[in-house]
Number of protein chains: 2
Amino acid sequence: MINHFCKKPLWECTRVLADVAEGRRSADVVIKDAQLVNVCTAEIQEHIDVAIAEGRIAYVGDADHCIGEHTHVIDASGLFIAPGFLDGHIHVESSMMGAGEYARAVVPHGTSGIYWDPHEICNVLGLEGVKVMMEDAERTPLKAMVTTPSCVPAVPGFEDTGSFIGPQEIAESMSWDGVVGLGEMMNFVGVVNSTEHAHGELVETLKADKVVTGHYSIPETDRGLNAYIASGVRCCHESTRAEDALAKMRLGQYAQLRYGSAWHDLPELAHAITDNDIDTRFANLVSDDTHPHTLVEDGHLDHVLRIAVKCGIPVIEAIQMVTINVATCFRMDNELGSITPGKCADIVFLDGLDTLQVTRMMIDGEIVAENGRALFDYPRFQFPEWVTHSMHLGREITPDDFIVSAPEGAQDGDQVNVRAIEIIPAKVGTFEAHVGLTVEDGQLKSELGQDVLKTFVFERHHETGTVGVGFTKGFGIKRGAMASTVAHDAHNLLVVGTNDEDMALAANTLAKCGGGMVVVADGEVLGLVELPIAGLMNDLGAVEMSEKVHSVEQAWAEIGCTMPSPFMTMALIPLACLPELRLTNRGLVDCTTFQFVDLIIEESESE
Amino acid sequence: MINHFCKKPLWECTRVLADVAEGRRSADVVIKDAQLVNVCTAEIQEHIDVAIAEGRIAYVGDADHCIGEHTHVIDASGLFIAPGFLDGHIHVESSMMGAGEYARAVVPHGTSGIYWDPHEICNVLGLEGVKVMMEDAERTPLKAMVTTPSCVPAVPGFEDTGSFIGPQEIAESMSWDGVVGLGEMMNFVGVVNSTEHAHGELVETLKADKVVTGHYSIPETDRGLNAYIASGVRCCHESTRAEDALAKMRLGQYAQLRYGSAWHDLPELAHAITDNDIDTRFANLVSDDTHPHTLVEDGHLDHVLRIAVKCGIPVIEAIQMVTINVATCFRMDNELGSITPGKCADIVFLDGLDTLQVTRMMIDGEIVAENGRALFDYPRFQFPEWVTHSMHLGREITPDDFIVSAPEGAQDGDQVNVRAIEIIPAKVGTFEAHVGLTVEDGQLKSELGQDVLKTFVFERHHETGTVGVGFTKGFGIKRGAMASTVAHDAHNLLVVGTNDEDMALAANTLAKCGGGMVVVADGEVLGLVELPIAGLMNDLGAVEMSEKVHSVEQAWAEIGCTMPSPFMTMALIPLACLPELRLTNRGLVDCTTFQFVDLIIEESESE
């Protein structure tokens, strides 16, 4: 695949690079006396210089002969250098920032490239929205390589989104320079069942010689996984068990071991590596979703690397998993992923392999961050006005909208069994819990004693007025309500709460501000993050966003929830491509059989 | 890069593969109960089945559910299966056979794909000759992936060839489906020195997103090697020292460890692996040049694998070096190089990992060889008439053509110092030896006491009448003469001998039969291999060719030479891209400085 993410294509600078390597022309930059993390041979090499010209590496060795009058010499003695970190699967929107501010947040942590799937904005605003984000990204040094969203809606027929993607849209986007592949094919059911729609998208990607990325989230590693991989899906970040990751690697699929803000799969998945004596070239480390607080406090892939090492993965192997292994996964290892001649000069400076603290960051031969601070600057991105108008509910929401009537014939005091979505802290999965609720005022209500809350999803793209109704178990809140327009992947308006008045307040607060995340209690807004851009993002930077999110997390705690990043877990309640039970604007979905199911469990069923 | 070497492109069969994996449709073939050499994780997996459809792997596991009425079930219990072997750098012409017969010789030894550089025929007959060979290759199941010859002539300005390749020819060939890259860029001097011609060819290849293969044959691993790799050269098979191979791998270049019929570099190069604790993903095993006798007696990559294991390389790592590592080098690992879903069903059956004997061979899901015998058959390839007329000397050669006059002023009995090409058995390199010859009859003659022989190269493509004159040391023959039109890479007429009459007889014998290799003594032809196709190949099969070559090797032995494959060593005498001293039709070339040098060493020089 032609690499469009470089200062100049290699074919335009081979002669200059040869001149510099030979000392006939001086380098633009020389890094002196570093300890090189050689990801090709998995060694540390001492006292290595790197000479750079045209944004590419010309020479690795003792580079005194490459230094001229105008060469910028960087003393790296005592430091380690590694290839720029590559994140093989991420969604920028999870940071609640635009791609430009996201870049400013992650580049100082060593990230030189991301393979991003902008499927959140695509669900709301379509490929036109994606283009807006790409425009913002292009201004930054970060290599923001797009994989076109494949599943909009995530699971067709089960929800309403603001947009639609099919084989034709995929085919069109594959001709864009910034697109390197297909975004996570969440419709693994469609792939495994050979549906025309899912395969149509794979076909368009394969024909364009680009990479299909995956999402295979069930603990099945036999027929289904084989069918999925045989269809051309090159990588998958949805393993939650070590045996899933191992099975994928054995079947030649890149296992992208995930450690995001709220999905902490890596410690479990690391056992695939540490408990088996295997070649790890098919392992990647990815973040998937990282919220601004994590970016500000912990970092990005540097943080994931530290976790990997803590889990027992040897540090050089771990670094391979965010460099050459990722580049090879995307068949771009001829351009990215190693500090070797001809490659883009994307280089992380680390103070040590124990701390893995990034002290300086170079992309395309330019120092772009130092001591945690991005050095690139530009005016705040001017999002076009139209992206800030994405709340289309068509009406004011009232407390009455949240009444759940008891089934016909049920009397006050009767027990009614319902299907509840039981969340799992720090995991993307849910369980289907069967809960007995007591009829009160002819209604089913939130029952704090059982930690069960009413949950609603209002369609917000086309004023269809459709609403999904269910119950969620496990948040631990004692009062108030929460709402969010970040509600994967359709990003309809999701409301969870203890009482109807607060739920209506939460919903209307977001309707007014163009979307966001809010916590209310007793008629008062306790915390609010406005996300006016598609209801998903703000144009602020990471520190400001982190503060805002933190204040909302405090509000969560105030009403009783102590989970890490509860908003991220809540936001997955509607995501019908993950097991087991989900709620969309069209209703409750059993995501193991992909069927709508009733809220009420009939007596015949529960026997 | 789109893979044109498959039964069907993946995008045409993803749904069928998913159907088979899921058991909705029966497989064409199921391999039962094998021990799988998993090159992704570097493990052996026991009791593995593989289900195949459309020439591709649909499922790996327990495949009973894929077996239908018409499924061909292959019992592999007790056997190992590995991905088809890929040779990352070979010249078919060295086998002295066309590509079709070559395929019949190597496929039974486990080879499913070759990255071949048809630069021998290209030197004689240009890209039209290459096309003829490709036509022959296309009839076979062997994936014969062409890298377009880059250096025709090998070192411009130093010899005359039958053809010329420049950036324009490269650009044209890059659009051919059968072309996957650029053939060995032997003009490393041009690359390192940033010449327009050499870089022009690199540029056309890189623009087409194809792979540049290398040839960096000097023991320099610093500035020059960096310049060479920075220019985009992805792999190199010319390491002769372990430190060369190690340096290349560290610089992100695939080190192709060679073991051909006459170039036995692997035992030395294996130390790069066995003496260092390194990741070996950048190592390949290649054959480069294999003559028919080796193919018949020892095999192809199976033989190289056995040597690698004997040298201490762990067997699974060695197998990675002829499978996934090669596919990754050519950025085709999404299609080839592992037994995983979606890949071409190219599978070697081995009786054991100790013997590495290939018992059966599958390509694109079809059994194509069994117990050493190719199962594919077709009429002998009809080479077009014009390829058999390549001897254009323009005259009869006489014994007087071989007189080397002593320098002016030298008297009979005087010592004259000359530069002689000293061959190194089983290596591609030569030394520049300085030899004192005694003037006799006003001439310099072959001196058997010093093992020094007169050596001539006659231009044979355009009747220019140019002749290069030199001396060779080291063959050990005691009488007679040898001639060959296999004389790399220009393939002019090379004659080496003890006396002028036999030298003339050898030369004219080849002129008459359209080219070949001959040994004569005392006015008699002792051994002859006719190679009428471009003076390089015959249309016979491997066994017949092996017998012919064997008879010529016996003739060599008869006149005193006991080297292995002496013809292959002799054929490199004119190859001006290898150190140190070479003889072309234009004269003696110092291949370390790339300058013509005089045969006679002036007294001032020798002081």
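You'll find the structure just up there.
Residues numbered from 1 in each chain as written. Chains lettered and ligands numbered in written order. Predicted model: local features only at pLDDT ≥ 70, side-chain atom pairs only at ≥ 80, totals over all residues. Heavy atoms only, no water.

1. Details of the layout of surface pockets
Here is step 1: The computed volume of the largest pocket comes to approximately 630 Å³.
Here is step 2: At the level of secondary structure, the elements contributing two or more residues to the lining of the largest pocket comprise α9 (266-274) and α12 (315-320) of chain A together with α9 (266-274) and α12 (315-320) of chain B.
Here is step 3: Its residues assigned to classes, the lining of the largest pocket comprises eleven nonpolar, ten polar and eight charged. (1 Å grid on protein atoms, 1.4 Å probe; cavity = no way out; pocket = protein on both sides within 12 Å on 5 of 7 lines; lining within 4 Å. Points joined across faces, edges and corners; volume = space filled by probe spheres on them. Helix = DSSP H or I, 4+ residues; strand = E, 2+ residues; numbered from the N terminus. Nonpolar A, V, L, I, M, F, W, Y, C, P; charged D, E, K, R; others polar.)

2. With respect to the interface of chain B and chain A
Here is step 1: Contacts between chain B and chain A engage 64 residues on the former and 64 residues on the latter.
Here is step 2: Summing both sides of the interface, chain B and chain A together bury roughly 5,600 Å²; the carbon and sulfur share of this comes to 52%.
Here is step 3: Considering only the surface of chain B that becomes buried against chain A, B:Trp11, B:Arg250 and B:Arg281 emerge as the three largest contributors, covering 12% of it.
Here is step 4: Between B:Glu43 and A:Arg250 there is a salt bridge, with the nearest N and O atoms lying 2.8 Å from each other.
Here is step 5: Counting across the chain B and chain A interface gives 33 residue pairs in polar contact (both at pLDDT 80 or more).
Here is step 6: Broken down by secondary-structure element, the contributors of at least two residues to the side of chain B that touches chain A are α1 (14-22), β2 (43-53), β3 (56-61), α5 (188-192), α6 (196-207), α7 (223-230), α8 (242-250) and α13 (324-329) of chain B. (Contact = heavy atoms within 4.5 Å. Buried area = accessible area lost by both parts, 1.4 Å probe. Salt bridge = Lys/Arg side-chain N within 4 Å of Asp/Glu carboxyl O. Polar contact = N/O pair within 3.5 Å; in protein donor to acceptor, adjacent residues only side chain to side chain.)

3. Side note on the packing of aromatic side chains
All names here are of chain A.
Here is step 1: Inspection of every chain in the model, using the stated rule, returns 28 aromatic pairs over all chains.
Here is step 2: Ring geometry for Tyr 216 against Tyr 228: centres 5.2 Å apart, planes inclined by 35°, an arrangement best described as tilted. With a gap of twelve residues between them, Tyr 216 in the loop between β10 (211-214) and α7 (223-230) and Tyr 228 in helix α7 connect regions that are remote in the sequence.
Here is step 3: Accessibility expressed as a relative area gives 0% for Tyr 228, which makes it buried.
Here is step 4: Taken together, the aromatic side chains of Phe 158, Phe 188, Tyr 216, Tyr 228, Phe 594 and Phe 596 make up a single cluster linked through ring pairs.
Here is step 5: Directly above the aromatic system of Phe 349 lies the positively charged group of Arg 360, at a separation of 5.6 Å from the ring centroid. (Phe/Tyr/Trp six-rings, centres within 6.5 Å; stacked < 30°, edge-to-face > 60°. Buried < 20%, exposed > 50% of the residue type's maximum accessible area, 1.4 Å probe, protein only. Lys NZ or Arg CZ within 6 Å of the ring centre and 35° of its normal.)

4. Some thoughts on the pairing of strand β3 (residues 56-61) of chain A
All names here are of chain A.
Here is step 1: With respect to burial, β3 is a largely interior element, six of its six residues being buried.
Here is step 2: Where strand β2 (residues 43-53) meets β3, five bridges bridge the pair, whose relative direction is antiparallel. The partner of Val 50 across the bridge, within β3, is Val 60.
Here is step 3: Between β2 and the antiparallel strand that follows it, β3, lie two residues; Glu 54 among them carries a positive phi value of about 55°. (Pairing = 2+ DSSP bridges.)

By themselves these figures say nothing about function.
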